[in-house]
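Given next are the chains, with one letter for each unit.
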Amino acid sequence: MSLFRNRRLRLIVVGLLSALFVLTLSFGCAGKQAAGPGSEKPKKGGNLTMGFDRETDTFDIYQMTWGSGQEYVYESLTTRDWDYKVVGSLAESWESTPDGKTWTFHLRKGTKWHDGTPFTSKDVKRYYEVMLDPKTAAANALDWTWIKSMDTPDDNTIVFHLDSPFPNLFGKTSNSYGSIMNPDAYAKYGPDGTKEYGTKIAIGTGPLKLKEWIPGDKVVFERNPDYRWGPLFVANKGPVWVDTVTFKTIPDAATRLAELETGNVQILANVPVEHYDRVAKIPNVEVFKEPAFGLGYLAFATDKKPFNDPKVRQAVNLAVDREALVKSVFFGLAQAAYGYLPPRTPEAYQDTAAIRYDVAAAKKLMTEAGYPNGFKATLATQNRTEHVRVAQAIQPMLEAIGIKTEIVQYDEAGYKDFLKAGKQELFMRQYEWDNADILQWFLYSRQVPYPGHSRWADRKTDELIDAAESAITPELRAQKYVELQKYLIEQSVWSPLWYPMAITAVRTDLVGGFKPFPGGGNVVIFDLWMKKNVK
Amino acid sequence: MRAYLIRRILLMVPVVLGVTVVVFLIIHLAPGDPVLLLVGERAPPEIYERVKHAWGLDRPLLTQYFSFLGNVLKGDLGMSIQMRRPVAELLARAIPVTLELGVAAMGLAVTVGVVSGVVSAARAGSATDQVTMVGALLGVSVPGFWLGQLLILLVAVELHWLPPSGYGGLKYLIMPALAMGFADAALTARTTRSSMLEVIRQDFIRTARAKGLTERVVIYRHALRNALLPVVTLIGLDLGYLIGGAVIMEEVFGRPGMGRLMIHGILSRDYPVVQGCLLFLAVSVALCNLLADIAYVFLDPRIRLQ
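Only a predicted model underlies this, so the values are computations on that prediction, with no experimental measurement involved. What you see as residue numbers is a count from 1 along each chain, following the sequence as written. Naming scheme: in the order in which they are written, chains are lettered from A and ligands are numbered from 1. A pLDDT threshold of at least 70 governs which residues receive local features in this predicted model, and a stricter bar of 80 or more applies before side-chain atom pairs are shown or counted, although totals over entire chains, interfaces and linings include all residues. Only heavy atoms go into the side-chain values, all of them from the structure, while hydrogens and water stay out.

### Thoughts on the overall build of chain A
- Helix and strand assignments follow DSSP, with helices taken as H or I runs no shorter than four residues and strands as E runs no shorter than two, numbered in order from the N terminus. Regarding its fold elements, chain A presents 15 helices and 20 strands.
- Relative to the 2.2 N^0.38 estimate, which gives 24 Å for 535 residues, the radius of gyration of chain A is 26 Å and therefore close to what a compact globule would have.
- Three exposure classes are used, based on accessible area relative to the maximum for each residue type with a 1.4 Å probe and protein chains only: buried under 20%, partly exposed in between, and exposed over 50%. Looking at chain A residue by residue over its 535 residues, the buried ones come to 59%.
- Between two residues, a contact is recorded if the distance between any of their heavy atoms is within 4.5 Å. Within chain A, contacts between residues separated by at least 24 positions form 70% of all contacts whose residues are at least 6 apart in sequence.
- A 1.4 Å probe and the Shrake-Rupley method give the accessible areas. Residues count as covered only by the protein chains that appear here. For chain A, the exposed area adds up to about 21,600 Å²; of that, 52% sits on carbon and sulfur atoms. The globule rule used here is 2.2 Å times the number of residues to the 0.38 power, and the radius of gyration it is set against is calculated over C-alpha atoms.

### Examining helix H8 (residues 170-200) of chain B
- When the terminal C-alpha atoms of H8(B) are compared, their 39 Å separation across 31 residues is substantially less than the 45 Å that a helix rising 1.5 Å per residue should span.
- At any given residue, the bend is defined as the angle formed between two axes, one fitted to the seven residues that end at that position and one fitted to the seven that begin there. At Gly181(B), H8(B) shows its maximal bend, which comes to roughly 35°. What a helix is expected to span follows from its residue count: subtract one and scale by 1.5 Å.

### As for unusual backbone geometry
Residue and element names in this part refer to chain A.
- Between Lys305 and the following residue, Pro306, the backbone shows a cis peptide bond with an omega angle of -5°.
- You can see Pro306 is positioned in the loop between strand S13 (294-300) and helix H8 (310-319).
- At the junction of Tyr450 and Pro451, the peptide bond is cis and its omega measures out at 5° in the coordinates.
- By the element assignment, Pro451 lies in the loop between helix H13 (438-443) and helix H14 (459-469).
- Here the phi dihedral of Tyr84 falls at roughly 65°; this positive angle occurs in a residue that is not glycine.

### Re the confidence of the model for chain B
- Every residue gets a pLDDT, meaning the predictor's confidence in that residue, from 0 to 100. The share of residues in chain B with pLDDT of 70 or more is 98%, and the mean pLDDT across the chain is 87.
- Averaged pLDDT values over the elements of chain B bottom out at 81 in helix H10 (residues 215-252) of chain B and peak at 92 in helix H7 (residues 144-158) of chain B.

### Some points on the interface of chain B and chain A
- Residue-level contacts link 48 residues of chain B with 57 residues of chain A.
- Buried area adds together the accessible area that both of two parts lose upon being put together, with accessible area traced by a 1.4 Å probe. The contact between chain B and chain A buries some 4,500 Å² in all, and 60% of this surface belongs to carbon and sulfur atoms.
- Its largest share of buried area at the contact with chain A, chain B owes to Glu41(B), Arg42(B) and Arg85(B), together 18% of the area lost on that side.
- Glu89(B) is the partner of Lys200(A) in a salt bridge, and the nearest nitrogen-oxygen pair spans 3.0 Å. Between Lys or Arg on one side and Asp or Glu on the other, a salt bridge is scored when a side-chain nitrogen of the former is within 4 Å of a carboxyl oxygen of the latter.

### Here we look at helix H1 (residues 2-29) of chain B
All names here are of chain B.
- Between its terminal C-alpha atoms H1 stretches 41 Å, which fits the 40 Å expected from 28 residues at 1.5 Å a residue.
- Looking only at H1, the buried set comprises Tyr4, Arg8, Met12, Val16, Thr20, Val23, Phe24, Ile27 and His28.
- In this structure, the buried side of H1 is in contact with helix H4 (61-73) and helix H12 (271-299).

### Re the sheet that holds strand S5 (residues 102-107) of chain A
Residue and element names in this part refer to chain A.
- On the basis of which strands lie adjacent, the open sheet formed by 4 strands has the order S4-S5-S7-S6 and antiparallel pairing. In this open sheet, the two edge strands, each paired with only one partner strand, are strand S4 (91-96) and strand S6 (147-154). Going across the sheet, the axis of each strand differs from the next one's by a mean of 20°, ignoring polarity.
- Here an axis means a line fitted to C-alpha atoms, over the contact stretch when the element is a helix, while the angle between two N-to-C directions is reported on a 0 to 180 degree scale. Lying over the sheet, helix H3 (residues 121-132) contacts S5, S6 and strand S7 (157-162), oriented at roughly 160° with respect to S6. By this definition, two strands are paired if DSSP reports at least two bridges between them.

### Here's the deal with the packing of aromatic side chains
- Stacked, edge-to-face and tilted are the three classes for Phe, Tyr and Trp ring pairs, Trp counted by its six-membered ring, which pair at centre distances within 6.5 Å; planes under 30 degrees apart are stacked, over 60 edge-to-face, the rest tilted. Across all of its chains, the model carries 47 aromatic pairs over all chains by this definition.
- Between Tyr128(A) and Phe160(A) the ring centres are 5.9 Å apart and the planes differ by 70°, which places this aromatic pair in the edge-to-face class. Linking Tyr128(A) in helix H3 with Phe160(A) in strand S7, this pair joins segments that are 32 residues apart in sequence. The two residues Tyr128(A) and Phe160(A) agree in class, both being buried.
- Between Tyr65(B) and Phe66(B) the ring centres are 5.4 Å apart and the planes differ by 70°, which places this aromatic pair in the edge-to-face class.

Structural data, given as structure tokens:
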């Protein structure tokens with residue numbers, strides 16, 4: 001080749017390559033500028049765009065298993081305020097009989113559906129009836145099985161009759177998966193109609209209407225101009241300030257960041273921890289970190305040798321250095337977990353004495369269990385970057401007490417299948433949920449094999465859960481759940497590892513009025529306004 | 001020619017049918033259960049069974065296959081399990097997005113590739129030739145997704161010339177087409193150059209030159225036409241690769257095309273979506289190969305299709 005005989009040419013090539021390299025480096029290191037002072041008075045108009053890696057699966061609440069944006073279209077009977085306390089939404093007030101078996105909700109007057117028809121208690125009743133009808137096969141029906149019957153003495157009152165007290169009632173009525181859809185629209189466009197309900201049509205009472213949904217691209221919502229009933233904890237109770245809200249689906253994290261940098265996206269939810277530094281350096285971007293409602297944990301097939309021995313499970317628990325894990329895998333942007341429920345849930349219980357890092361104690365337990373030389377096992381994980389890295393970090397920690405693991409990875413669908421089929425030994429899981437009933441879903445014996453993937457069928461656990469879920473007061477429920485967690489920790493059913501953090505990045509030069517919501521999941525829309533319109 | 005075409009088109013039927021059988025088997029036998037994803041973590045077994053039955057996934061595999069085939073013949077590609085929309089509707093939306101990118105990238109690759117290949121060959125050994133070939137080497141070596149990221153950082157974030165991602169109009173098309181077409185242009189340039197060099201040395205070119213034809217006529221009318229045969233083969237084969245490239249570009253540039261649809265379908269075990277996408281792909285790849293074969297005849301009269 002005569003290529004490199006030409007000196008000028010060689011210089012050009014080398015020069016071009018170095019320029020490319022320097023450019024690549026310098027993009028990552030742009031300096032941060034202070035946000036300029038803007039007018040702080042909200043103004044009407046503008047289009048807000050948020051970036052997500054994944055879109056909702058449907059706007060049909062009955063069938064929704066992964067939702068985003070439903071809290072804008074629909075409202076629920078109650079909701080949560082900035083302190084995560086239950087406050088009124090569609091219901092203004094409520095009361096119960098002393099035995100906790102009859103609950104009366106007084107609905108807000110003057111509320112209207114998106115199609116202009118008035119919202120009444122009869123709509124609520126029909127909505128739940130369809131939910132609980134086995135023909136609907138609603139994925140979320142389980143949340144509402146506590147309803148025995150309903151009465152509607154007038155248009156603004158709905159009475160729920162229960163078989164037994166249900167202290168988690170407000171957990172259900174405040175959840176966005178429990179939002180209320182218009183039953184007439186559902187009957188007209190639902191599965192028995194044109195099947196367009198949930199994808200093209202969604203009728204709620206919320207501050208935004210579903211305008212357009214292009215799968216894989218974006219969901220566009222527009223202002224509901226007739227909205228007048230914003231929740232108590234927000235300043236703006238009328239129609240929202242912005243004209244439209246767009247949820248843009250951008251699977252690639254680096255591209256999502258680029259959209260934030262250019263200002264095309266103004267709010268970015270769920271920033272991956274490895275991108276935190278880059279986001280924090282973008283000019284005019286404020287980053288909000290909130291402890292999320294979730295837990296990452298290591299679980300066992302508790303019915304299989306050697307994991308059916310609590311000593312082995314306890315040994316694994318003691319072998320993991322959670323603080324090191326949080327530092328190395330999550331760059332400190334998570335919390336080490338010493339309990340089964342996120343610290344902010346009222347039922348949470350932490351035990352740093354039992355769930356600790358103690359290799360010597362772990363080795364002793366292994367010997368007591370009859371495995372002085374350890375054993376081999378598979379360590380299964382879903383192929384999410386963070387989880388794989390956690391598995392890789394745990395591997396040498398387990399090897400230190402003689403457990404040699406082979407990491408096996410699955411995609412989401414394959415993983416669920418694998419767990420349901422009962423092929424797991426040691427495995428990683430993460431849940432995102434704000435309610436103690438998550439322990440019921442995963443650890444109640446009825447739930448084996450799926451979602452009871454720990455294969456934990458234990459009478460005492462069932463009894464404690466039953467007692468908690470039918471306690472008369474929330475305080476009693478919390479007490480029972482704490483009792484349950486103490487027992488689970490003693491049995492080492494799981495090995496809790498980390499509490500994730502929700503990181504939200506906001507372009508404060510373009511958007512005003514942002515305030516992080518507890519848990520970081522939802523962006524409260526009412527007080528948001530556009531300082532500058534991007535499009 | 002007409003008989004050949006009819007026979008080729010008829011031959012496509014067993015090929016496409018074979019593809020559907022293989023795809024159907026692979027996706028249904030792969031671990032993963034769309035119903036589990038659909039009903040979620042919390043659904044009781046009764047609901048799981050009911051949903052499974054509603055989607056016909058509890059029927060024997062053979063029955064499911066024939067009902068799929070029967071529906072396809074009626075023009076019905078079924079409903080997406082995860083997205084609850086007709087697969088035909090999803091495809092109708094996604095195909096133009098991918099096609100637009102594919103055509104743009106291919107157009108770029110062919111024009112830039114052929115022109116620079118010809119120029120390189122005509123001036124073999126010159127500085128132009130060397131620069132072009134270094135560029136081509138870079139093009140073949142640089143992964144498209146990296147080039148895509150680089151373009152986003154440079155053109156979108158730093159210069160604010162184009163939006164980083166999305167779909168709808170030329171401004172969203174330029175960067176992905178460049179990132180995707182670059183490697184193809186490089187490959188085309190290298191193939192054109194070597195093929196041209198071979199042709200230029202042949203007798204008929206010497207004759208053409210001896211007749212006193214201008215260099216331009218010799219190169220573009222006599223040599224290029226003959227040199228294009230391997231390029232056409234390359235382009236024909238490239239179409240399959242192009243869809244693969246589109247998958248990555250659609251991820252990087254957030255374009256709601258076929259690639260994204262297919263990945264989403266595969267990850268969520270959305271059988272009807274995957275089957276629909278692959279059926280479309282199989283038919284289009286078969287058609288492109290047919291077109292490439294037809295193109296041979298026009299380029300080289302010695303080739304007869306029988």
